[in-house]
Amino acid sequence: SQKIEQNSEALNIQEGKTATLTCNYTNYSPAYLQWYRQDPGRGPVFLLLIRENEKEKRKERLKVTFDTTLKQSLFHITASQPADSATYLCALEGRSQGNLIFGKGTKLSVKP
Amino acid sequence: IAGITQAPTSQILAAGRRMTLRCTQDMRHNAMYWYRQDLGLGLRLIHYSNTAGTTGKGEVPDGYSVSRANTDDFPLTLASAVPSQTSVYFCASKLAVSTGELFFGEGSRLTVL
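Along each chain, residues carry numbers from 1 onward, in the same order as the chain's sequence is written. Written order determines the labels here, with chains lettered from A and ligands numbered from 1. Confidence filtering applies because this is a predicted model: local features only for residues at pLDDT of at least 70, side-chain atom pairs given and counted only at 80 or more, and all residues used for totals across whole chains, interfaces and linings. The side-chain values count all of the structure's non-hydrogen atoms but skip hydrogen atoms and water molecules.

Quick look at the overall build of chain B now. Secondary structure assignment for chain B yields zero helices and eleven strands. Listed by position from the N terminus, the elements making up chain B come as β-β-β-β-β-β-β-β-β-β-β. Computation of the radius of gyration draws on C-alpha atoms, with the globule rule given as 2.2 Å multiplied by the number of residues to the power 0.38. Over its C-alpha trace chain B gives a radius of gyration of 13 Å, about what one expects of a compact globule, namely 13 Å for 113 residues. The principal-axis extent of the C-alpha atoms belonging to chain B is close to 40 × 25 × 25 Å. By definition in these notes, contact holds between two residues if any of their heavy atoms fall within 4.5 Å. Considering only intrachain contacts with a sequence separation of at least 6, the fraction spanning at least 24 residues in chain B is 54%. Helical segments are the DSSP runs of H or I of at least four residues, strand segments are the runs of E of at least two, and each set is numbered from the N terminus.

Structure (structure tokens):
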């Protein structure tokens, strides 16, 4: 069965450092991989989308990589700030249906 | 711009009762989705609709039904609620099946006693 794993439930880092979150998947060949941010009590908010034929995508302090051979995506937040503290969700989308499958998320805490 | 509106925000329900969670979007998106989010299990797809008039089953459809009479509305009905349906429910939409970004509502927290 299709499986998405985000490498850790929680990640604690110091302000100013780079946060790196990992998303691995098995038994799936996604056309797109997406990252979302979710704050407590709120709905997820879209951050970045990367296509299967793209290796890297950047947006301000965010960078996403996508390795279809390793079946892995890395999500980086550079110069992290306490305001970046949230749960980050990885999601995969197939070619035919358009439904997204989500990972369980990684809770990031950035300490001042 | 409202985006996606869900109602109610929170509800406590007796087991066996019928409940409809409402979802309305004003973005003229074709595709709409219902997810449930549970601690330790993440977001799981219940039902989806690629366009008005069509619906499909997701990963966990049992005990739930949906309808899509028009573009804007996508209600989720629990015909006879059970305690295992206690969860936070999120409605989401995107412009079309082929586009990527999902827009989420703020969620409906449902407790079934």
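We call a pair of cysteine sulfur atoms a disulfide when they lie within 2.5 Å. With the rule as written, the count across this model stands at two disulfides over all chains. With a sulfur-sulfur separation of 1.9 Å, C23 of chain A is cross-linked through a disulfide to C90 of chain A. On the sign convention where negative means left-handed, the S-S torsion of about -60° between C23 of chain A and C90 of chain A marks this disulfide as left-handed. Of the two residues, C23 of chain A is situated in strand 3 (residues 19-26) and C90 of chain A in strand 9 (residues 86-93); the sequence distance between them amounts to 67 residues. Each member of the pair, C23 of chain A as well as C90 of chain A, is classed as buried. Between the sulfur atoms of C23 of chain B and its disulfide mate C91 of chain B the distance is 1.9 Å. Where C23 of chain B bonds to C91 of chain B through sulfur, the torsion about that S-S bond is close to -70°, and the disulfide is left-handed. Of this pair, C23 of chain B sits in strand 3 (residues 19-25) while C91 of chain B is found in strand 9 (residues 87-94), placing the two residues 68 residues apart along the sequence. C91 of chain B carries the same exposure label as C23 of chain B, and that label is buried. Think of it in three bands: with a 1.4 Å probe and only protein chains considered, a residue is buried below 20% of the maximum accessible area for its type, exposed above 50%, and partly exposed in between.

Many authors give the size of an interface as the accessible area that is lost as the parts come together. Facing the 18 residues of chain A at the interface are 21 residues of chain B. For the pair chain A and chain B, the two sides together bury roughly 1,500 Å², of which 48% comes from carbon and sulfur. Just to be clear on terms, a salt bridge is a Lys or Arg side-chain nitrogen sitting within 4 Å of an Asp or Glu carboxyl oxygen. There are two salt bridges connecting chain A and chain B. A salt bridge links R42 of chain A to E106 of chain B; the nearest nitrogen and oxygen atoms lie 2.7 Å apart. Between N or O atoms, a polar contact is any pair within 3.5 Å; within protein, one atom must be a potential hydrogen donor and the other a potential acceptor, and residues adjacent in sequence are included only when both atoms are from side chains. Counting across the interface, chain A meets chain B through seven residue pairs in polar contact (both at pLDDT 80 or more). Elements represented by at least two residues in the side of chain A that touches chain B include exactly strand 4 (32-38), strand 5 (45-51), strand 9 and strand 10 (100-102) of chain A. Considering every element that reaches the side of chain A that touches chain B, the biggest residue donor is strand 4 of chain A, with four residues. Accessible area, probed at 1.4 Å, shrinks when two parts are joined; the buried area is that loss added up over both.

Residues and elements named next belong to chain B. The linkage connecting A7 with the following residue, P8, adopts the cis geometry, with an omega of -5°. Note that P8 resides in the loop between strand 1 (4-7) and strand 2 (10-13). The phi dihedral of R28 is positive, around 60°, even though this residue is not glycine. Structurally, the position occupied by R28 is in the loop between strand 3 and strand 4 (31-38). Accessibility expressed as a relative area gives 53% for R28, which makes it exposed.

Residues and elements named next belong to chain A. Taken in spatial order, the five strands make up an open sheet running 1-3-8-7-6, and their pairing is antiparallel. Two strands bound the open sheet, and with one partner strand each, they are strand 1 (3-6) and strand 6 (56-59). Taken over all neighbouring pairs, the strand axes of this sheet differ in orientation by 15° on average, direction set aside. The pairing of strand 1 with strand 3 spans four bridges and is classified as antiparallel. From the neighbouring strand, I4 faces strand 3, where its bridge partner is Y25. Any two strands with at least two DSSP bridges between them are considered paired. Note on method: axes are straight lines fitted to C-alpha atoms, helices fitted across the in-contact stretch only, with angles between N-to-C directions ranging 0 to 180 degrees.

Once that is clear, we can look at the nonpolar core. Among the buried residues, those of types Ala, Val, Leu, Ile, Met, Phe, Trp, Tyr and Cys that are joined through side-chain atoms within 4.5 Å form a nonpolar core. Ranked by size, the top nonpolar core spans 23 residues in total, and within it Y25, L33, W35, F75, I77, Y88 and L108 of chain A carry the most contacts. Membership of the second largest hydrophobic core comes to 20 residues, among which are Y36, F46 and A91 of chain A together with Y33 of chain B.

These values are about where atoms sit, not about what they do.
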